[in-house]
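Geometric and topological summary
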Amino acid sequence: MNLRRIVALALPLLASASAQALDFRSVGPHPAVLYGAPSTRAAKQYIVPPGAPLEIVLTYGEWVKVRDMAGDLAWTEAKGLSKQRNVIVRAANTKVRGSADDTAPVVFTADKGVLLELAEAPANGWTKVRHRDGLAGYVRSAEIWGN
C-alpha cells in the first residue's frame, strides 16, 4: 500500500478523533497508581492524589490511558476514577468572579495548583467552579486545567 493511500485512509479517522470533546475524570477517594502499561505488573510511574483531574485518552477493558496536567501519559484502573469533575488552577492569583465577566466582582483568588470542583460546563470562555469551602464563581477557562 502506498503512502498516499495510507494517508487518505487515516485522515477521516484523525478528523473524527479531533472533533470529539475531551473526556475528563477525577481520581476517586484514594490515590491512583499510574502504570507504564495496562497491567498491575507493569512499571509504576507515579501516584496521583485524590480529586486530581485526568484526561481519558483511551479505554482498554478495565484500564484507561490518561494524560495529566503536565501532559504525561500513563495507564490506571478505571475503577479508581470518579465521574466527579475537578479542575486545577494553572497560575498564581487566579481570580474567580461573581459572573462570567472580567468586570464582575472577585469572589475569591486561587493560587496555582488549587483544586476546584467543576460546577458547570465551560461556556463562552468561562467555567463555573466551586471551592471546597463552598465559595463559587466563574473563572476564565484558559486559567484552569481539566475542563
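In every chain, residue numbers begin from 1 and rise along the written sequence. Residues qualify for local features only when their pLDDT is at least 70, as the model is predicted, and side-chain atom pairs are given and counted only at 80 or more; totals for whole chains, interfaces and linings, by contrast, use all residues. The side-chain figures draw on all heavy atoms in the structure; neither hydrogens nor water molecules are used.

1. Focus: the overall build of the chain
Summing up its helical and strand segments, the chain has 1 helix and 14 strands in all. Scored against the burial criterion, the 147 residues of the chain give a buried share of 31%. Considering only contacts in the chain between residues 6 or more positions apart, those separated by 24 or more positions represent 48%. Counting only carbon and sulfur atoms, one obtains 54% of the accessible surface of the chain, whose full area is about 9100 Å². Only DSSP runs of H or I covering at least 4 residues are called helices, and only runs of E covering at least 2 are called strands; the numbering of each starts at the N terminus. Accessible area is worked out with a 1.4 Å probe on protein chains only. A residue is then buried under 20% of its type maximum, exposed over 50%, and partly exposed in between. Contacts are assigned to residue pairs with any non-hydrogen atoms lying within 4.5 Å of each other. Note on areas: Shrake-Rupley with a 1.4 Å probe; residue coverage comes only from the protein chains shown.

2. Things to note about the side chain of Arg97
Mapped onto the fold, Arg97 is located in strand S9 (residues 94-97). For the buried Arg97, no salt bridge is present, and the opposite-charge side chain at shortest range is Asp102, 4.6 Å distant. Polar contact is the term for a pair of N or O atoms within 3.5 Å; when the atoms are in protein, one must be able to donate a hydrogen and the other to accept it, and sequence-neighboring residues count only if both atoms are side-chain atoms. A distance of 3.2 Å separates a polar atom in the side chain of Arg97 from the backbone oxygen of Asp102. At a separation of 2.6 Å, a polar atom in the side chain of Arg97 contacts the main-chain carbonyl oxygen of Ala104. If sequence neighbours within four positions are ignored, Arg97 has contacts with Asp102, Thr103, Ala104, Pro105, Val106, Val107, Trp126, Gly137 and Tyr138. Residues counted as positive are Lys and Arg, residues counted as negative are Asp and Glu, and His and the chain ends are not counted. Counted as salt bridges are all cases of a side-chain nitrogen of Lys or Arg within 4 Å of a carboxyl oxygen of Asp or Glu.

3. Quick look at the packing of aromatic side chains
Two rings from Phe, Tyr or Trp (for Trp, the six-membered ring) form a pair when their centres are within 6.5 Å of each other. A pair whose planes differ by under 30 degrees is stacked, one over 60 is edge-to-face, and the rest are tilted. Under the defined criterion, the tally for this structure stands at 3 aromatic pairs. Seen in terms of ring centroids, Phe24 and Trp145 are 5.2 Å apart; in terms of plane orientation they differ by 90 degrees. Their pairing is edge-to-face. On the criterion of sequence distance, the pair formed by Phe24 in strand S1 (residues 23-27) and Trp145 in strand S14 (residues 144-145) is long-range, its members being 121 residues apart. A single burial state applies to Phe24 and to Trp145, both of which are buried. With 5.6 Å between their ring centres and 80 degrees between their planes, Tyr35 and Trp63 make a pair best called edge-to-face. One end of the pair, Tyr35, is in strand S2 (residues 32-35); the other, Trp63, is in strand S5 (residues 63-67), and 28 residues separate them in sequence. Tyr35 gets classed as buried once you look at its relative accessible area, which sits at 7%.

4. Considering the pattern of salt bridges
Inspection of every chain in the model, using the stated rule, returns 6 salt bridges. Asp23 is the partner of Arg25 in a salt bridge, and the nearest nitrogen-oxygen pair spans 2.7 Å. Residue class for Asp23 comes out partly exposed when judged on its relative accessible area of 31%. Close ionic contact of Asp102 with Arg140 constitutes a salt bridge, the shortest N to O distance being 2.9 Å. Remark: Arg140 occurs in strand S13 (residues 136-140) and Asp102 occurs in the loop between S9 and strand S10 (106-110); sequence separation between them is 38 residues. The class for Asp102 is partly exposed, based on a relative accessible area of 45%.

5. Brief notes about the nonpolar core
Only buried Ala, Val, Leu, Ile, Met, Phe, Trp, Tyr and Cys residues count toward a nonpolar core, and they belong to the same one when joined by side-chain atoms within 4.5 Å. Within the largest apolar cluster, 11 residues are counted, these being Val27, Ala32, Leu34, Val48, Ala52, Leu54, Ile56, Val64, Val66, Ala74 and Leu81. Contributions of two or more residues to this core are made by S2, strand S4 (53-60) and S5. Filtering out sequence-adjacent residues up to four positions away, Ala74 remains in contact with Leu34, Tyr35, Gln45, Tyr46, Val64, Lys65 and Val66. In terms of nonpolar packing, the next biggest core, distinct from the first, is built from 10 residues, Val87, Phe108, Leu116 and Leu118 among them.

6. Some points on the side chain of Asp68
Assignment of secondary structure puts Asp68 in the loop between S5 and strand S6 (73-77). Of the buried charged residues, Asp68 lacks a salt bridge, with Arg67 as the closest side chain of opposite charge at 7.2 Å. There is a polar contact of 2.9 Å between the side chain of Asp68 and the backbone nitrogen of Asp72. Leave out the neighbours within four places in its chain, and Asp68 touches Tyr46, Leu54 and Trp145.

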